Amino acid sequence: MRIADPAAYLQSLRRLRRRVFLLGERIDDPVDHPLVRPSENALAQTYERGGETEAEELLFASSHLTGKPISRFTHIHQSAEDLVRKVDMQRLLGRRTATCFQRCVGMDGLNALYSVTYECDQVHGTEYHRRLRDYLAWVQEENLVVDGAMTDVKGDRGKRPGEQEDPDMFVRVVDRDSRGIVIRGAKAHQTGAINSHEILVMPTTAMREDEKEYAVCCAVAADSPGVTFILGRQPSDTRKREGAPLDVGNPYFGSQEALIVFDDVFVPRERVFMCGEHDQSGRVVERFAAYHRQSYGGCKVGVGDVLIGAALLAARLQGVERAGHVRDKLTEMIHLNETLYSCGIACSARGAPTDSGCWMVDVLLANVCKQNVTRFPFEIARLAQDIAGGLLVTMPSELDFRNPEISPYLEKYLKGAGDGSALERAGVLRFIENMTVGCGAAAYLTESMHGAGSPQAQRIVIFRQAGLEEKAELARRIMGMTDRRKDP
Ligand code: SF4
Ligand code: FE
């Protein structure tokens, strides 16, 4: 693995010459920008071996292409056990960072494309699977970060890609020759986009015969000419440059999203994995979405573990740790969090092999997993705020604690229970603030709602996959409404 540790990863990003904008300005060095760096620190944890039991086993796998050790983030799942390990790896990294560590979208995209390119070649006689395997071998060897870019900007949501007034509302092929293709369009909400070496472009929905130009999958180097990254804002993000880390809550780790614009970007032929095979596009969407909905049953659970821990600390510092209602709230938080984990494990354990050899999660259970993720973290956050109390949002700044004129007041009047200092209490409350209304809430709450598809997207799959008619038949049979009923 060429990029072997966090320092080498940060160095590799510095070498990329990209076009990145933040707060209205072009930034030449996003790696060392105070608003961006926490997100790189979080992603860098995927390169950190760490000291946890099983960390090695979870973070690394054996390549099915070369037999060499590789990062699990570049691995193609070879068994149900691999799928379970993936979820456990994500929980572990959520526990390390308390945020989104951004590297799963590429893993989920590569796995989805692995089986779909195989099946596409069977139907169309194409050579996409061979190209993808070659690409994958390179990604594994170099240990690169791949951004799985699916969500188009979509324009008028009431219209299909081919019906939009502006045809660029979905990424499409605008030119092609024997050397490759040229793509145009934009992908929104791209998690970890500027912390990635590569962008794996995939269609956002199943395309029709007359929408072939939109049925495109390809890998684009992040510093290709024509690619622009426009970073999104997060609540209280500029606190990161106020010189008061305690006010940030989680100053070392964070998440990051961007709008990626492809302004006539050339993609070489060897990096094209679908181009016009519209009948295959729906499968890419379904499989990527299912893998990523599984992912949330790991990462958000790890983040939930940290929030539950912070709520316990807040209760302790306020002298209510033993109160019955506080214990009950902590119990409820644990129950909700472990329910999400159960879903992540269940859809993995029930996985099955595809014809390509890559293992796929149980689609129904993965969608149930993510549907729960659109709700439970909000309830966990509500309970954490309940335990924390209103000081969560009325606490003076770290800068006030540093002002000798008023700090004695703060230390006296905001002191915690027992030995707990006011500053310690402020730190815990700021941390809960970060995760429930600040920067961290972008990853823990809004991303739980909309990441990997908004709630309605899962409900559509759940309804379709549930086997409703079969359930009706079960009822009919027991009621004696069919001739299949047999006397014992
Ligand atoms: Fe990974 Fe979770 Fe972030 Fe998605 S939201 S990239 S699954 S950490
Ligand atoms: Fe996500």
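Our subject is the structure listed above.
Reading the values: rules and limits
- Residues numbered from 1 in each chain as written.
- Chains lettered and ligands numbered in written order.
- Predicted model: local features only at pLDDT ≥ 70, side-chain atom pairs only at ≥ 80, totals over all residues.
- Heavy atoms only, no water.
- Near = heavy atom within 4 Å.
- Helix = DSSP H or I, 4+ residues; strand = E, 2+ residues; numbered from the N terminus.
- Nonpolar A, V, L, I, M, F, W, Y, C, P; charged D, E, K, R; others polar.
- Salt bridge = Lys/Arg side-chain N within 4 Å of Asp/Glu carboxyl O.
- Core = buried A, V, L, I, M, F, W, Y, C linked by side-chain atoms within 4.5 Å.
- Buried < 20%, exposed > 50% of the residue type's maximum accessible area, 1.4 Å probe, protein only.
- Contact = heavy atoms within 4.5 Å.
- Expected span 1.5 Å × (residues − 1).
- Bend = angle between axes of the 7 residues up to and from the residue.
- Pairing = 2+ DSSP bridges.
- Axes fitted to C-alpha atoms, helices over the stretch in contact; angles between N-to-C directions.

## Overview of the site of ligand 1
Around ligand 1, the structure places C100, F101, Q102, C104, H292, S295, Y296, C299, K300 and E447. Among the elements that take part in the shell around ligand 1, helix α8 (residues 278-317) stands out by supplying five residues, more than any other. Per-class residue counts for the shell around ligand 1 are five nonpolar, three polar and two charged.

## As for the pattern of salt bridges
Counted under the stated rule, the structure contains 37 salt bridges. Where salt bridges share partners, they join E127, R130, R131, D134 and E270 into one cluster.

## A few points about the nonpolar core
Y9, I183, I199, V220, F229 and F262 are the most contacted members of the largest nonpolar core, which totals 77 residues. With seven residues, helix α5 (residues 104-124) is the single largest residue contributor to this core. When sequence neighbours within four positions are dropped, the list of residues in contact with V220 reads I183, E198, I199, V201, V227, F262, V265 and V267.

## Observations concerning α8
For α8, with 40 residues, the first-to-last C-alpha span of 58 Å sits near the 58 Å given by 1.5 Å per residue. If you look at α8, its biggest bend is around 25°, right at Y296. The buried fraction of α8 amounts to 32 of the 40 residues, a majority that puts the element mostly inside the structure.

## Description of the sheet that holds strand β6 (residues 172-177)
Overall, mixed pairing links the six strands, which are arranged β2-β1-β10-β11-β7-β6 in an open sheet. With partners counted over all chains shown, the strands left at the sheet margins are β2 (25-26) and β6, one partner each. Across nine bridges, strand β7 (residues 180-191) lies against strand β11 (residues 257-268) in antiparallel orientation. In the strand pairing of β11, I181 is matched with V267.

## Points about the sheet that holds strand β8 (residues 198-201)
Where strands meet in a sheet, backbone hydrogen bonds hold them as pairs that are either parallel or antiparallel. In spatial order, the strands read β5-β8-β9-β12; together these four strands make up an open sheet with mixed pairing. The open sheet has two edge strands, β5 (146-149) and β12 (272-275), and neither has a second partner. Going from strand to strand, the sheet's axes swing by 20° on average, the running direction of each strand aside. Across four bridges, β5 lies against β8 in parallel orientation. Within β8, the position partnered with D147 by the bridge is I199. Of the strands in this sheet, β5, β8, β9 (216-221) and β12 are in contact with α5, which crosses β5 at around 65°. Where helix α6 (residues 128-142) meets the sheet, its contacts fall on β5, β8, β9 and β12, and the angle it forms with β12 comes to roughly 150°.

All we've got here are geometric facts, nothing functional implied.
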